[in-house]
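Read off the chains here:
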Amino acid sequence: MRRVLITGCGGIGGVNFCRALRLSGDYFIVGGDHFKYHLIFADVDVRVQTPRHDDPSFIPRICEVIKAYDIEFIHPQPTVEAYELSRNSDYISAKVYLPNAEAMARGFDKLETARALSRKGVPVPRFASLDGLEKLNSPYWVRTRRGAGGRLSLPCSSADEVLCWVELWNKRGVTVPSDWIVQEYVGGRDIAWDSLWYEGKLVTSYARERLEYPFKHLIPSGIGGTPVVAKTIHDDSINEVGVKAVLAVDERPHGFYCVDLKYEDKPYVTEVNVGKAHTTLPLWSYAMQKFLGEPSMVDIYVRLGLGEDCPDVPKFNLYPEDYYIIRHIDCGSWLWREDGWRRRIV
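To keep things clear, this report deals only with the structure shown in the data block. Just so we're clear, the structure is a prediction, and the values are computed from it rather than from any experiment.

**A look at the sheet that holds strand β13 (residues 267-274)**
Part 1 of the reasoning: Overall, antiparallel pairing links the 8 strands, which are arranged β13-β12-β9-β10-β11-β14-β15-β16 in an open sheet. Only two strands of the sheet have a single neighbouring strand rather than two, namely β13 and β16 (342-344). Strand-to-strand twist of the sheet, defined as the mean angle between neighbouring strand axes without regard to direction, takes the value 25°.
Part 2 of the reasoning: Contacting β9 (189-198), β10 (201-212), β11 (229-233), β12 (255-263) and β13, helix α7 (residues 236-249) crosses the sheet at an angle of about 55° to β9.

**So, helix α3 (residues 79-87)**
Part 1 of the reasoning: What α3 keeps buried is the set Thr79, Glu81, Ala82, Glu84, Leu85 and Ser86.
Part 2 of the reasoning: Buried residues in α3 make contact with β1 (2-7), α2 (58-69), β4 (73-76) and α4 (101-108).

**Overview of the packing of aromatic side chains**
Geometry of an aromatic ring pair is reported as the spacing of the ring centres plus the angle between the planes.
Part 1 of the reasoning: Summed over all chains, the structure comprises 12 aromatic pairs.
Part 2 of the reasoning: Here tyrosine 323 and tryptophan 341 contribute two aromatic rings whose centre-to-centre distance is 5.6 Å and whose plane-to-plane angle is 90°, an arrangement assigned as edge-to-face. Here tyrosine 323, found in the loop between α9 (297-305) and β14 (324-328), pairs with tryptophan 341, found in the loop between β15 (332-336) and β16; they are 18 residues apart in sequence, far enough to count as distant.
Part 3 of the reasoning: A relative accessible area of 10% places tyrosine 323 in the buried class.
Part 4 of the reasoning: Using a relative accessible area of 17% as the deciding quantity, one classes tryptophan 341 as buried.
Part 5 of the reasoning: Between tyrosine 324 and tryptophan 336 the ring centres are 5.0 Å apart and the planes differ by 75°, which places this aromatic pair in the edge-to-face class. Residue tyrosine 324 is located in strand β14, and its partner tryptophan 336 is located in strand β15; the two are separated by 12 residues in the primary sequence.

**Some words on the packing of α4 against helix α5 (residues 110-119)**
Part 1 of the reasoning: It is the contact of α4 with α5, at a shortest axis distance of 5 Å, that shows an interaxial angle of 100°. For the element pair α4 / α5, the angle class is roughly perpendicular. Contacts between α4 and α5 involve Arg106, Gly107 and Phe108 on the former and, on the latter, Lys110, Glu112, Thr113 and Ala116.
Part 2 of the reasoning: Looking at side-chain class alone, the contact of α4 with α5 contains 2 nonpolar, 2 polar and 3 charged residues.

**Quick notes on the nonpolar core**
Part 1 of the reasoning: In terms of nonpolar packing, the biggest core is built from 43 residues, with Ile74, Leu117, Trp193 and Val269 touching the most fellow members.
Part 2 of the reasoning: Ranked by residues supplied to this core, first place goes to α7 with 7 residues.
Part 3 of the reasoning: Non-local contacts of isoleucine 74, meaning those with residues more than four positions away in its chain, are made with Leu5, Thr7, Ile62, Ile66, Leu85, Ile92, Ala94, Lys95, Val96 and Tyr301.
Part 4 of the reasoning: Membership of the second largest hydrophobic core comes to 42 residues, among which are Val4, Leu196, Val203 and Tyr323.

**Re the sheet that holds strand β6 (residues 140-144)**
Part 1 of the reasoning: The sheet built from 4 strands is open, its strands ordered β5-β8-β6-β7 with antiparallel pairing. What marks the edges here is a single partner per strand, and that holds for β5 (127-128) and β7 (154-156).
Part 2 of the reasoning: Of the strand pairs in this sheet, β5 and strand β8 (residues 180-184) are connected by 2 bridges, and their pairing is antiparallel. Opposite phenylalanine 127, over in β8, you have glutamine 183 as the bridge partner.

**Notes on unusual backbone geometry**
Part 1 of the reasoning: Across the junction of serine 138 and proline 139, the peptide omega takes the value 0°, indicating a cis bond.
Part 2 of the reasoning: Of note in this structure, leucine 152 is not a glycine but carries a positive phi near 55°.
Part 3 of the reasoning: Even without glycine at this site, asparagine 317 takes up a positive phi of about 55°.
Part 4 of the reasoning: Summarising the element assignment, asparagine 317 is placed in the loop between α9 and β14.

**Remarks on the pairing of β1**
Part 1 of the reasoning: The buried count for β1 comes to 5 of 6 residues, which makes it a mostly enclosed element.
Part 2 of the reasoning: Strand direction decides the pairing type here: β1 and strand β2 (residues 27-33), joined by 6 bridges, are parallel. Opposite threonine 7, over in β2, you have glycine 32 as the bridge partner.
Part 3 of the reasoning: On the question of chirality, the crossover connecting β1 to the parallel β2 by way of helix α1 (residues 12-24) is right-handed.

Analysis parameters
- Counting restarts for each chain: residues are numbered from 1 in the order of the written sequence.
- It should be noted that, the model being predicted, local features are given only for residues of pLDDT at least 70 and side-chain atom pairs only at 80 or more, the latter also being counted only at that level, while totals for whole chains, interfaces and linings use all residues.
- Side-chain measures were taken over the full set of non-hydrogen atoms in the model, leaving aside hydrogen atoms and water.
- A pair of strands counts as paired when DSSP detects no fewer than two bridges linking them.
- Helix and strand labels come from DSSP, where a helix needs a run of H or I of at least four residues and a strand needs a run of E of at least two; each type is numbered from the N terminus.
- A fitted line through C-alpha atoms represents every axis, and for helices the fit uses only the stretch in contact; the resulting angles, taken between N-to-C directions, go from 0 to 180 degrees.
- We call two residues in contact when some of their heavy atoms are within 4.5 Å.
- Exposure classes here rest on a 1.4 Å probe applied to the protein chains alone. A residue is buried below 20% of its type maximum, exposed above 50%, and partly exposed in between.
- Here is the rule: rings of Phe, Tyr and Trp (six-membered ring for Trp) pair when centre to centre is within 6.5 Å. Planes less than 30 degrees apart are stacked, more than 60 are edge-to-face, and the remainder are tilted.
- If an angle is under 35 degrees, it is roughly parallel; if it is over 145, roughly antiparallel; if it lies from 65 to 115, roughly perpendicular; otherwise it is oblique.
- Under this grouping Gly is polar, as are all residues other than the nonpolar Ala, Val, Leu, Ile, Met, Phe, Trp, Tyr, Cys and Pro and the charged Asp, Glu, Lys and Arg.
- We call a set of buried Ala, Val, Leu, Ile, Met, Phe, Trp, Tyr and Cys residues a nonpolar core when their side-chain atoms join them within 4.5 Å.
- Whether a crossover is right-handed depends on one test, that the path from the first strand over the helix to the second runs clockwise when the strands point away from the viewer.

Put into structure tokens, the structure is as follows:
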């Protein structure tokens, strides 16, 4: 039996990661989370409360859990915890399957990511820091350089709107001027390309289109991080740009790399999540394995991380196209097709 520790197990992504592992078989799962109330959500064998990632006791506590439960492999679902484990991997006896800390730090910074992508000829919306705002054309998309879930993002029709939004958060002490990136707004379809790499080689990937976000009418930007409606798609141009984007930010990718794109006249890369599985990646893995018998990306990842062989899988389009996941708070989750076929996931 494989013995694994899942950190951030009580969040949406962590809950679904545990669920996907359970379906795949022979796993003893220890779940860790710093928020004690969320620990109840995950289907794990043992629950442990862990400190926040920025607490000096975080790594020592992880080492205690590894020793207490003979942990062989750690999956950190939150990006910030993945980064801490990557940069402290020499002190951890269990295996991890993560990019190096330098590549992760580059991926955290959306301005540095945009620069890396641009240098390699990957299509990105035109961008600048605040002091280069006058070089861009309206409308704009302004957001913080770091943070997930569309943190402090806002579409703006004028430079005055951009500066008013930034000034609000600067005055509140949440940000400083250097924390921001501004880009020319690109509309069109909202795409996610989720990929898994091993020592510089692409293992597998799939793409999906985000169609609706939760409570978007309550969010100034309309972007809430994780969708309530999304569907799988097959598109060679997205696959091509996804690969180029990953290789632009990390010459030797290793682990999960999830790319955000807007597709107007062509795909434009807006973000590369280095070492982070998109929140719904485990839910897609679970649903596709349970109802269609497709390989689980989660199971492949853990097996590779443990040094095991993985099954033959396609490098692109791991999952069939035109399947939707529809979900919402207290409403359950469904795998659905336009022809009316549906299965309740949870």
